[in-house]
Amino acid sequence: MTGMISQREAFGDALVELGAVNDRVVVIDADLASSTKVDKFAAAYPERFFQVGVAEQNMMGIAAGLATMGFVPFTSTFACFATTRVADQIRASIAQPHLPVIAMGAYSGLIVGKVGKTHQAIEDIALMRALPGMTVLAPGDGVETRRAVLAAADLGGPIYLRLTRDPCPTVFDDTYRFEIGRAVVVREGGDVSIVTTGQMVSRAVEAAAALAAESIQAHILHVPTVKPLDREAVVAAAERTGLVVTAEEHSIIGGLGGAVAETLGEHRPTPMRRVGIADVFGESAPNDDLLEKYGLTSGHIVQAARALLAARRAGTAATV
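The residue numbers shown here count from 1 along each chain, following its written sequence. Given that this is a predicted model, residues contribute local features only at a pLDDT of at least 70 and side-chain atom pairs are listed and counted only at 80 or more, while totals for whole chains, interfaces and linings are drawn from all residues. Water and hydrogen atoms play no part in the side-chain values, which are based on all heavy atoms of the structure.

**With respect to the packing of aromatic side chains**
Convention followed: When two rings of Phe, Tyr or Trp (its six-membered ring) have centres within 6.5 Å they constitute a pair, described as stacked for plane angles under 30 degrees, edge-to-face for angles over 60, and tilted for the intermediate range. To sit over a ring, a charge needs its Lys NZ or Arg CZ within 6 Å of the ring centre and within 35 degrees of the ring normal.
Considering all chains together, one arrives at five aromatic pairs under this definition. Put simply, the rings of Phe78, Phe81 and Tyr107 pair up and form one aromatic cluster. Over the ring of tyrosine 45 we find arginine 48, and its NZ or CZ is 4.5 Å from the ring centre.

**Focus: the environment of glutamate 9**
The line we're drawing: Every helix listed is a DSSP run of H or I at least four residues long, and every strand listed is a run of E at least two residues long, numbered separately from the N terminus. When a residue's accessible area, from a 1.4 Å probe over protein chains only, is under 20% of the maximum for its type it is buried; when over 50% it is exposed; and in between it is partly exposed.
Following the sequence through the fold, glutamate 9 ends up in helix H1 (residues 7-21). Overall, glutamate 9 belongs to the partly exposed group, its relative accessible area being 26%. For the pair formed by glutamate 9 and isoleucine 216, sequence separation is 207 residues and the distance between their alpha carbons is 36 Å.

**Structural notes on the sheet that holds strand E4 (residues 72-78)**
Quick reminder of the rule: Pairs of strands are assigned from DSSP output, requiring at least two bridges between the strands. Only the stretch in contact is used when a helix axis is fitted, and all axes are lines through C-alpha atoms; the angle between N-to-C directions ranges over 0 to 180 degrees. A contact between two residues is defined here by any heavy atoms of the two lying within 4.5 Å.
The seven strands are arranged E3-E2-E4-E5-E7-E6-E12 in an open sheet whose pairing can be described as mixed. Where the open sheet ends on each side, the last strands, each with one partner, are strand E3 (49-51) and strand E12 (225-227). Ignoring which end each strand starts from, the neighbouring axes of this sheet average 20 degrees apart. Pairing geometry for strand E5 (residues 102-106) and strand E7 (residues 159-162), over four bridges, is parallel. Along E7, the bridge assignment pairs methionine 104 with leucine 161. Sheet strands touched by H1: strand E2 (25-29), E4, E5 and E7. Its angle to E4, the strand with the most contacts, is close to 160 degrees. Helix-sheet contacts for helix H4 (residues 56-68) involve E2, E3, E4 and E5, and the interaxial angle to E4 is about 170 degrees.

**Notes on the domain arrangement of the chain**
Condition: Where each domain starts and ends comes from a domain assignment, either automatic or drawn from a database. Two parts placed together each lose some accessible area under a 1.4 Å probe, and adding up what both lose gives the buried area. The working definition used for a salt bridge is a side-chain nitrogen of Lys or Arg within 4 Å of a carboxyl oxygen of Asp or Glu.
Domain boundaries assigned for the chain yield domain 1 (4-169) and domain 2 (184-319). Averaged C-alpha coordinates put domain 1 and domain 2 at centres separated by 26 Å. Approximately 2500 Å² of surface area, both sides summed, lies buried where domain 1 meets domain 2, with 56% of it carried by carbon and sulfur atoms. The largest share of the area that domain 1 buries against domain 2 comes from Leu110, Ile122 and Arg129, three residues that together contribute 29% of it. Scanning the region where domain 1 abuts domain 2 turns up one salt bridge.

**Concerning the pattern of salt bridges**
Inspection of the entire model under this criterion finds 15 salt bridges. The shortest N-O distance in the salt bridge between glutamate 17 and arginine 146 comes to 2.6 Å. Linking glutamate 17 in helix H1 with arginine 146 in helix H8 (residues 142-152), this pair joins segments that are 129 residues apart in sequence. In this structure, the salt-bridge partner of glutamate 179 is arginine 177, at a minimum N-O distance of 2.9 Å. In this structure arginine 177 comes out as exposed when scored by relative accessible area, which is 53%. Through salt bridges with shared partners, a single network forms among Glu9, Asp13, Lys37 and Lys40.

**Some remarks on the packing of H4 against helix H6 (residues 87-95)**
Stated formally: Reported orientations rely on four angle classes, namely roughly parallel under 35 degrees, roughly antiparallel over 145, roughly perpendicular from 65 to 115, and oblique for the rest. Basically, the charged four are Asp, Glu, Lys and Arg, the nonpolar ten are Ala, Val, Leu, Ile, Met, Phe, Trp, Tyr, Cys and Pro, and anything else, Gly included, counts as polar.
For the pair H4 and H6, the least separation of the axes is 9 Å and the interaxial angle reads 5 degrees. Between H4 and H6, the crossing angle belongs to the class labelled roughly parallel. Between H4 and H6, the contacting residues are Gln57, Met60 and Ala64 on the first element and Gln89, Ile90, Ser93 and Ile94 on the second. Of the residues in the contact of H4 with H6, the class split is four nonpolar, three polar and no charged.

This is the structure in structure tokens:
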């Protein structure tokens, strides 16, 4: 891993890049342009930028209307507002007519600048994943964010794009090829599979290094598209090691862990552990303290892997 960049910075830069080659791209913001970095697009293409103020429901209606006229709208707000506050508008005006609106939810997960539980979106993947026809993207770093933005404009259907606030380690290089619906193997190993989404991929890489020091070789499968899930890749990862740990900065209910468990339950029953937020809300605190308290560090991934391996050695892996 090299360098640190925030996904919101990468998002703003990618929008400017996209706007130069696609004049159908428009951006609608709900009074958070400087926070989500769409102010970059506003400066470059003011005639295609719409500031609606603190009116997220209206923003989604405007986006739906623009989409019916042939535009490709990106909406911009925090993830907590992009999913719960506008749930009805997304469901009825965007998802049901299957319109090409990209709803970007910034500041997802726990690390949102000490603003506390009201602004920590820990259920957003579950909510968006349940909508028929909705694509859910959660890139792992700035490189992947840029490629996800470019790909999203060409999909032709509703997308929820989940981004984080603070700078995160760069996992992928400039040769990385992103494709909606495709998971990517970050590291090959034969002892335990770690399936990640979002910036948990960098913590999984750290966990794999720690496990390697114990002669445990972890296989890392990164899932930037939570829906539609790359079922073949998930099943292949399970078959490779026979043990699966999922890792996400999201509730363990309804997110990546749920999606992987559903897939493996139907296609390849496999002992697994879910690293994520338990059935609780967060709180305001420094980043490292939040990650430690709510079980989202690389160390927690290591502990889950060790527990699965210990259970297999004891002959009880099928029940963990």
